[in-house]
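Summary of the model geometry
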Amino acid sequence: MAGNSFGKKYVITTYGESHGMAIGGIIDGCPSNFELDLEAIQNELNRRKPGQSKLVTQRKESDEVVFLSGIFEGKTLGTPIAFQILNTNSKSNDYDLLKDSFRPSHADYVYQQKYQHRDYRGGGRSSARETVARVVAGAIAKQIINPVEIQAYVSSVGTICTSKKYTELDLSLTESNAVRCPDLETAAKMEQLILDTKKKGDTVGGIITCVIKNVPIGLGEPVFDRLEAELAKAMLSINACKGFSLGSGFEGAKMFGSQHNDYYNVDGTTKTNFSGGIQGGISNGMDIYFDVAFKPVATLLQSQEMLTAEGKLETITGKGRHDACVLPRAVPIVEAMAALVIADFMVNR
């Protein structure tokens, strides 16, 4: 199986399955003699871990990271950083009914066809559990790229969305509620929608907005290694992600050029930022902001028609502990992937 590594200079390779012994990774290209805040890394994992609120899956995992190499006396050595997070609360029996069945809108069927053998417990390698390793690598990247700041938040759940732009919000309020939306009035409505959806055994999707501040001018290349292209790849590699929109995005397609052009100030900044901080594939020093769309989680605690290995259609009721909405736990994952992209362009620059 290919495609387990991300990045060119700052590279993360992840390993492990949802119900295997552990999830982990190896980071290559981390600068040496850099003092790490290990508590901050664990805090990022705590933001992502299951069981943190009534809105998310109740799988109980401490998600404590153990570093195996690359760090000595609290500083990076410049050698590969290996780490692991043990899986301690998997309930594999919940997935016995899926051994010979393929769930709708999951990777089960295509995975089986491609590899001819799969770990069906919790989705195995295709499970979102894998993203815990990305959060570790992203947490380290966040520290390396300082003073660049990355802040993501939930801007919509289903049809409920904040009408405010990120510039009108106090992003410090993002962590003040379980939904992770800084618009508190809207957050309460989002939370109720998720709870109502969960009671029905159904799921709901939404959008995460991410803002990257203090980005230096010059990150990215003008052809294939465009900064926005790498950000898009990073976001679309996240489970359940179905869309990426930078700056004005699709709304910009409705505008005239005279409306959309970002005219300059004398200091090189721009009066508007429809470009989303990137022009010609290269960062221009303005805020980078983008939206990431997530579909409703495909696992429903309802009866669904599934395809069996014998080529029959059967109705099976799902079991297990699952998110009714992936958005709250995906916020730190979006931030981590954004940090990996920025670090990849900044390391050894």
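In the block above lies the structure referred to throughout.
Before going into details, it helps to say that this report is about the structure given with it. (Residues numbered from 1 in each chain as written. Predicted model: local features only at pLDDT ≥ 70, side-chain atom pairs only at ≥ 80, totals over all residues. Heavy atoms only, no water.)

**Focus: a nonpolar patch on the surface**
Note the threshold: Note that patches include only residues with greater than 30% relative accessible area and no salt bridge, and the join distances are 9 Å for like charges and 5 Å for nonpolar side chains (Val, Leu, Ile, Met, Phe, Trp, Tyr). Note that accessible areas follow from Shrake-Rupley with a 1.4 Å probe, and for residues the cover is restricted to the protein chains shown. Any carboxyl oxygen of Asp or Glu within 4 Å of a side-chain nitrogen of Lys or Arg constitutes a salt bridge here. The buried label applies to any residue whose accessible area, calculated with a 1.4 Å probe on protein chains only, is under 20% of its type's maximum; exposed applies above 50%, and partly exposed to all values in between.
Together, Tyr15, Val66 and Leu68 make up an exposed nonpolar region whose accessible area comes to about 260 Å². Taking the relative accessible area as the measure of exposure, tyrosine 15 reaches 33% and is therefore partly exposed.

**Some remarks on helix 1 (residues 38-48)**
Stated formally: The numbering of helices and of strands both runs from the N terminus, where a helix is a DSSP run of H or I of at least 4 residues and a strand a run of E of at least 2. Throughout, a residue-residue contact means that at least one pair of heavy atoms, one from each residue, lies within 4.5 Å. Under the rule applied, a polar contact is a pair of N or O atoms within 3.5 Å (in protein, one hydrogen donor and one hydrogen acceptor; residues adjacent in sequence only if both atoms are side-chain atoms).
Burial in helix 1 covers these residues: Ile41, Gln42, Glu44, Leu45, Arg47 and Arg48. Close packing links the buried residues of helix 1 with strand 4 (65-67), helix 3 (131-144) and helix 7 (327-346). Between the side-chain oxygen of the N-cap and the backbone nitrogen of glutamate 39 there are 3.1 Å, and the N-cap of helix 1 in question is aspartate 37.

**Observations regarding the side chain of serine 127**
On the secondary structure map, serine 127 appears in the loop between helix 2 (108-115) and helix 3. A residue is classified by how much of its surface remains accessible, and serine 127, at 11% relative accessible area, is buried.

**Remarks on the sheet that holds strand 16 (residues 303-308)**
Let me state the cut-off plainly: Pairing between strands is defined by DSSP: at least two bridges between them are needed.
The three strands lie next to each other as 8-16-17, forming an open sheet whose pairing is antiparallel. Every interior strand has two partners, whereas the edge strands, strand 8 (101-102) and strand 17 (313-317), have only one. In terms of strand pairing, strand 8 meets strand 16 through two bridges, oriented antiparallel. Bridge pairing links serine 101 to threonine 308 in strand 16.

**Section: the environment of aspartate 202**
Structurally, aspartate 202 can be placed in the loop between helix 4 (184-199) and strand 11 (206-213). Using a relative accessible area of 31% as the deciding quantity, one classes aspartate 202 as partly exposed. For aspartate 202 and leucine 68, which are 134 residues apart along the polypeptide, the C-alpha to C-alpha distance reads 40 Å. Non-local contacts of aspartate 202, meaning those with residues more than four positions away in its chain, are made with Thr197, Leu300, Gln302 and Ala324.

**Examining unusual backbone geometry**
Residues asparagine 146 and proline 147 are joined by a peptide bond in cis, for which omega reads 20°. Note on placement: proline 147 falls in the loop between helix 3 and strand 9 (149-157). A positive phi angle, near 65°, is found at glutamine 116, a position not held by glycine. Here glutamine 116 falls in the exposed class, since its relative accessible area comes to 56%. The phi torsion at asparagine 214 lies on the positive side, around 65°, for a residue other than glycine.

**A look at the nonpolar core**
Keep this limit in mind: Remark: nonpolar core denotes a set of buried residues (Ala, Val, Leu, Ile, Met, Phe, Trp, Tyr, Cys) joined through side-chain atoms within 4.5 Å.
Formed by 74 residues in total, the largest nonpolar core has its most connected members in Tyr10, Ile212, Leu231, Met235, Phe290, Phe294 and Val334. It is helix 7 that contributes the most residues to this core, 14 residues altogether. Every residue in contact with tyrosine 10, bar those within four places of it in the chain, is listed here: Ile27, Asp28, Gly29, Cys30, Ala137, Ile140, Ala141, Ile144, Leu340, Ala343, Asp344 and Val347. Counting residues in each nonpolar core, the second largest holds six residues, with Tyr166, Leu171, Val211 and Tyr289 among its members.

**What to know about the packing of helix 3 against helix 7**
How we decide: Every angle, taken between N-to-C directions, lies between 0 and 180 degrees, and every axis is a line fitted to C-alpha atoms, over only the stretch in contact when it is a helix. Relative orientations are named as follows: roughly parallel for angles under 35 degrees, roughly antiparallel for angles over 145 degrees, roughly perpendicular for angles from 65 to 115 degrees, and oblique for any other angle. Handedness of a crossing follows from how the near helix is turned relative to the far one, being left-handed for an anticlockwise turn of less than a right angle and right-handed for a clockwise one.
In contact at an axis separation of 8 Å, helix 3 and helix 7 are set at 55° when each is read in the N-to-C sense. With respect to their mutual orientation, helix 3 and helix 7 come out oblique. Helix 7 is crossed by helix 3, and the crossing has left-handed handedness. Across the interface between the two elements, Thr131, Arg134, Val135, Ala137, Gly138, Ala141 and Lys142 from helix 3 touch Pro332, Ile333, Glu335, Ala336, Met337, Ala339, Leu340 and Ala343 from helix 7.

**Points about the pairing of strand 12 (residues 241-246)**
Burial analysis of strand 12 places five of its six residues in the buried class, the great majority of the element. In the sheet, strand 12 pairs with strand 15 (residues 288-294) via five bridges, with the strands oriented antiparallel. Paired with cysteine 241 across the two strands is phenylalanine 294, which belongs to strand 15.

**A look at the packing of aromatic side chains**
Counted only if it meets this: We call Phe, Tyr and Trp rings a pair once their centres come within 6.5 Å, taking the six-membered ring for Trp, and we label the pair stacked below 30 degrees between planes, edge-to-face above 60, and tilted otherwise.
Scanning the model with the defined rule gives five aromatic pairs in all. Both rings, one in phenylalanine 102 and one in tyrosine 109, keep their centres 5.4 Å apart while their planes meet at 80°; by these two values the pair is edge-to-face. Exposure remark for phenylalanine 102: the relative accessible area of 10% places this residue in the buried category. The partly exposed category is assigned to tyrosine 109, whose relative accessible area is 39%. Judged by centre distance (5.2 Å) and plane angle (40°), the ring pair of phenylalanine 244 and phenylalanine 290 falls under tilted. Of this pair, phenylalanine 244 sits in strand 12 while phenylalanine 290 sits in strand 15, and the two are 46 residues apart along the sequence. We classify phenylalanine 244 as buried; its relative accessible area is 18%.

**Thoughts on the pattern of salt bridges**
Overall, the coordinates contain 15 salt bridges when judged by the stated rule. Note that glutamate 228 and arginine 226 form a salt bridge whose closest N and O atoms lie 3.0 Å from each other. Take arginine 226: its relative accessible area is 27%, and that puts it in the partly exposed class. As a salt-bridge pair, lysine 254 and glutamate 251 come within 3.1 Å of each other at their nearest N and O atoms. Take lysine 254: its relative accessible area is 64%, and that puts it in the exposed class.

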